[in-house]
Amino acid sequence: MKMKMHGVILFLLFCEFHGQPYPDASQDSHQETKTIKIGLILDSKSWLGKVVNSCMSMAISDFYTLNGQYKTRIALETRDLRGEPLNFLAAAFDLLENAETHAIIVPEMSSEQAFLATLCDKANVLLLSFSSTSSFNEHPYSLQVAQDETTQFNGVAAFLGVFQWRTVVLIYEDTADTRQILSHLHDTFRDNDVDAVNDIAITPRATDEEIIKKLHNLRSMRTSIIIVHTSVSLASQIFRNAKTLEMMSGNFGWIVTSKTMNLLEFQDPAVFETIQGVVGLKSYIPASSKLRDFTLRWRREFQLSQIDMEIRGLNVFGIWAYDAIWALAEAIERERIHIFPNRGEDLGLNLTGLAPIRVSKVGSALLSNFRSIQFTGLGGEFQLVNAKLVHETYEIVNMIGNVGKRVGFWTPACGLTKEIYPSTNNCSSSSLETIIWPGFCKTAPKGWLVQMDGRPFKVGIPMNSRFHELISWQHDQQTKEIKFTGFCVDVFDMAIQRLNRAIVYEFIPFYNHNGSYSDLINQVSQQTFDAAVGDITITSNRSQYVDFSLPYTELGVGMVARLDNKDPWFFLKPLSVNLWIMSAGFFILTGIIVWFIEHPTNEEFQGSLAWQIGTILWFAASTLVYAQRERLQSNLSRFVVGCWFFVVLILTSSYIANLSSLLTVQRIKLTKNDYIGYSANSFVKGLVSNLNFQDNRLKPFNSPEEYDQALKNGSEKGGVSAIIEEIPYLKIFLARYPHDDYAIIDSSEKSNGFAFVFPKGSPLVHEMSRQIAMLREDEVLQALENKWFTSQSSLSSIDTKLPTTNTLEVTNFSRLFLVNAACEAVALLLFFVFVLCDKMSIKYYIIRMLAGRKLVSIFRYLYTANTIGTTTTR
């Protein structure tokens, strides 16, 4: 801490002074080569430090062996931390003050890197960092020559999506760098439909007791998918304690980021025993002949220099260090005529007894050259974009035994894939190789711990349901337990019993003081409850916090009203007044036409005037029921009556059908003066408001008894004209009051029904939904409805939305009446033709007597032709 405060003080003092460039030293131009000092801060006691140091030394040798004509040479000024991170600042100041380095390479993470980045900016000295985070992007002279770890979060999210895991736990190392990228991680997961990420922070120096406590908290979350984003040393400690707590079993899935995987080779063999079945993302280095040859040479040289140590393998950091030296050497060579390593003029910064820090004159040019370097190195294409190494490919590794088994790759272009082909930039199928999960299980974890440590599954159930048919409870005085029954409880019990797993669950009463279920939903979202059962409606807002099963009730809302069929003139409503008048007119007209045709020859249509009028009216009325007693003699009258019978058939059928519909459900035309009832503390109020009723015309109710009383009173007596409620509630209401002339007069699918509630990512959502679908197919749900909704006499109108019943108008039968009128007109016309012909036959006898036989023969011929036509017509 003292060293850190000392560094801060130095930084503040240093910012008060302006830098001075190195003086011109053209006198050194006669030298054939120039040695440029490059600082290197590492820990020689760590495997990473040894590998990076050896790879850099080989890189310098290889580069100048290949480019012997270059006039510059790199010389490494190495500062060894000797296992003490507090020596970092001292080493940095020494390199800047005494060694006058033009670049500093830091292969290992340090909490002082941000401070060093600020010093390098002031001194115009390049800082090449192997840190995989972008915590000091605001420093122009800081370059990241390692893979940016934030790119892998899309790969982790894609991996979660393959197994449909939507809820995970993130264990991260509580450092400034990691905290800085947390928001980016959460945004990435959210964009990839990972709904819930629970964070657990562990300090770098946490004890085993502290880690065990954190893991116990993790188990209580019941989330079995865990992402570890920590240093390799802390990750090893976490897995060791997780194995002790039996969390390295088939119920859990562990995903490790490259922050751990890239350094896993340097760990002791005992560490690998604790991470069996873990899946991790590791920076991918494509295979090449150059890499293979270098690896063989490195093993030989490293074994010679480290005789007493076992070689564990070349690491990606060693490869990146090798490529970084090549890029730096090339950048220095491009700027060789301006680089002079001699010490310049004293700046006078001597307040702390330290030598002045010089400002490099060539720092900006060297920075520009390094940024523009592009070549194919050991790690593939070396190129910097936005001060970061462009390297976005990760390999998915499944830890089995002492080595990892590659099961696939992830790239931004291809996503998850089994194989990639760098030469053609193509990918194979999106599937991965078989993964062996913890506990040597080939079946992927469900993502959710239904039960742990023998604890029962906690199911919250509301105690203030308005309908006891859905949820009811009884308190046992002897056992002091509450027993729950009802339609919702029976459906849940039946679905649980059909699951392939044995789940011990208990119902826990939940009291909603305000009558709303929002508090219960929040308790499930916070995992206080593992599920919730009751008359809980699916809404889009609630779905943001919890998951719902399939609905087990009918969808939609309906409007129930009391039928009013006490109007003494109700039987006239199927037909309009105009249609009644039109029908009566045609009845009388048909009777008159039949009388007119039958009267000359049919004695039943003869007699006194009163008798004949009565016969006309009686005959017209009797055709309504086809009971006329008069016998018709003329074919014309029979033709008229036949056409009329067809009209009567259509009219009576339409009348009966419309009357039946009106008797079943009388259409109620609500006005703005009517009152509408709805359920208090329900989303239905919003639906009622959309009906353009004023708020003072809306009345909330809390029970079906209040519904009944309000509908009986009606709007005129302080009640309501209709109740708007969800269909399941209306079913129960109609079942309770089957003899009060209540019926559903309208319905629409504006609600999503009742469903069971689970926390985000619970595997029981899909399993319970499947069981609900099977219960519906097996008609078990219908049987449970019949059990709890005892009376079904008023439910006939629920299945579908009722058709609107309209009074029949004249226009509905205009063509029918027109056809009947045409038939009667034709009959009258034929009747008058026949009468005319009869009169012409009398004239024939008179002419015969007066005109003689020949004239008669001529007239007979003409009359016979006319008579044949008339007879045919008859």
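Please refer to the structure higher up on the page.
Parameters at a glance
- Residues numbered from 1 in each chain as written.
- Predicted model: local features only at pLDDT ≥ 70, side-chain atom pairs only at ≥ 80, totals over all residues.
- Heavy atoms only, no water.
- Patch = residues over 30% accessible without salt bridge, like charges linked within 9 Å, V, L, I, M, F, W, Y side chains within 5 Å.
- Areas by Shrake-Rupley, 256 points an atom, 1.4 Å probe, with all protein chains shown as cover.
- Salt bridge = Lys/Arg side-chain N within 4 Å of Asp/Glu carboxyl O.
- Helix = DSSP H or I, 4+ residues; strand = E, 2+ residues; numbered from the N terminus.
- Core = buried A, V, L, I, M, F, W, Y, C linked by side-chain atoms within 4.5 Å.
- Buried < 20%, exposed > 50% of the residue type's maximum accessible area, 1.4 Å probe, protein only.
- Contact = heavy atoms within 4.5 Å.
- Axes fitted to C-alpha atoms, helices over the stretch in contact; angles between N-to-C directions.
- Parallel < 35°, antiparallel > 145°, perpendicular 65-115°, else oblique.
- Nonpolar A, V, L, I, M, F, W, Y, C, P; charged D, E, K, R; others polar.
- Phe/Tyr/Trp six-rings, centres within 6.5 Å; stacked < 30°, edge-to-face > 60°.
- Lys NZ or Arg CZ within 6 Å of the ring centre and 35° of its normal.
- Pairing = 2+ DSSP bridges.
- Arc of directions from axis to C-beta.
- Left-handed = near helix turned anticlockwise from the far one by under 90°.

1. Digging into a nonpolar patch on the surface
A contiguous nonpolar surface patch, about 470 Å² in accessible area, is contributed by Ile588, Ile592, Leu609, Ile613 and Leu617. Listing elements by their share of the nonpolar patch, those giving two or more residues are α16 (577–598) and α17 (609–622). Tracing the sequence through the fold places Ile588 in helix α16.

2. Brief notes about the nonpolar core
Counting residues in hydrophobic clusters, the biggest one holds 89 residues, and the most contacted among them are Leu126, Ile171, Trp254, Leu328 and Phe370. Counting residues per element, this core draws most heavily on helix α12 (residues 316–334), which supplies 14 residues. Setting aside residues no more than four positions away along its own chain, Phe370 makes contact with Leu126, Leu128, Leu143, Val145, Ala324, Ala327, Leu328, Ala331, Phe382 and Leu384. Core analysis: the second largest hydrophobic core is formed by 37 residues, Ile461, Tyr729, Leu781 and Leu784 among them.

3. Focus: the packing of helix α14 (residues 487–497) against helix α22 (residues 764–777)
Between α14 and α22, the shortest axis-to-axis distance is 9 Å and the interhelical angle comes to 110°. One finds that α14 runs roughly perpendicular with respect to α22. Contact with α14, carried on its side by Val491, Phe492, Met494, Ala495 and Ile496, involves Met768, Gln771 and Leu775 of α22 and no other residues of that element. Along the lines of polarity and charge, the residues of the contact of α14 with α22 split into seven nonpolar, one polar and no charged.

4. Here's the deal with the packing of aromatic side chains
Using the criterion set out here, one finds 34 aromatic pairs in the structure. Joined through ring pairs, the aromatic side chains of Phe484, Phe487, Phe492, Tyr505, Phe507, Tyr552, Phe756 and Phe789 make up one cluster. One residue, Lys699, lies across the ring of Tyr675, its end atom 4.3 Å from the ring centre.

5. Observations concerning the sheet that holds strand β5 (residues 142–147)
Reading across the sheet, the eight strands line up as β2-β1-β3-β4-β5-β13-β12-β11 and stay open at both edges, with mixed pairing between neighbours. Of all strands in the sheet, those with a lone pairing partner are β2 (72–80) and β11 (374–377), marking the two edges. Pairing analysis gives four bridges linking strand β3 (residues 103–106) to strand β4 (residues 126–129), with the strands arranged parallel. Residue pairing across strands places Ile105 opposite Leu128, the latter belonging to β4. Those strands touched by helix α2 (residues 47–66) are β1 (34–42), β2 and β3, and its axis lies near 170° from that of β2. With respect to the sheet, helix α3 (residues 88–99) is in contact with β1, β2 and β3, its orientation differing from that of β1 by roughly 170°.

6. Description of helix α23 (residues 780–788)
Of all the residues in α23, the buried ones are Val780, Leu781, Leu784, Glu785 and Trp788. Viewed along the axis of α23, the buried residues span an arc of 145°, placing them on a single side of the element. On its buried side, α23 packs onto β21 (482–485), α14, α21 (727–736) and α22.

7. Remarks on the sheet that holds strand β28 (residues 722–726)
An order of β27-β26-β28-β25-β29 is seen for the five strands of this open sheet, with the pairing classed as mixed. Of all strands in the sheet, those bounded by a partner on one side alone are β27 (698–701) and β29 (742–748). The average angle at which neighbouring strand axes cross in this sheet is 30°, direction not considered. Pairing between strand β26 (residues 676–679) and β27: four bridges, direction parallel. The partner of Ile676 across the bridge, within β27, is Leu698.

8. Details of the packing of α2 against α12
Axis separation between α2 and α12 bottoms out at 8 Å; the angle between their running directions is 35°. The way α2 lies across α12 gives a crossing that is right-handed. For the pair α2 and α12, contact is made by Leu48, Val51, Val52, Cys55, Met56, Met58, Ala59, Ile60, Asp62, Phe63, Tyr64 and Leu66 and by Phe317, Gly318, Ala321, Tyr322, Ile325, Trp326, Ala329 and Glu330, respectively. Across the contact of α2 with α12, the residue classes break down as 17 nonpolar, one polar and two charged.

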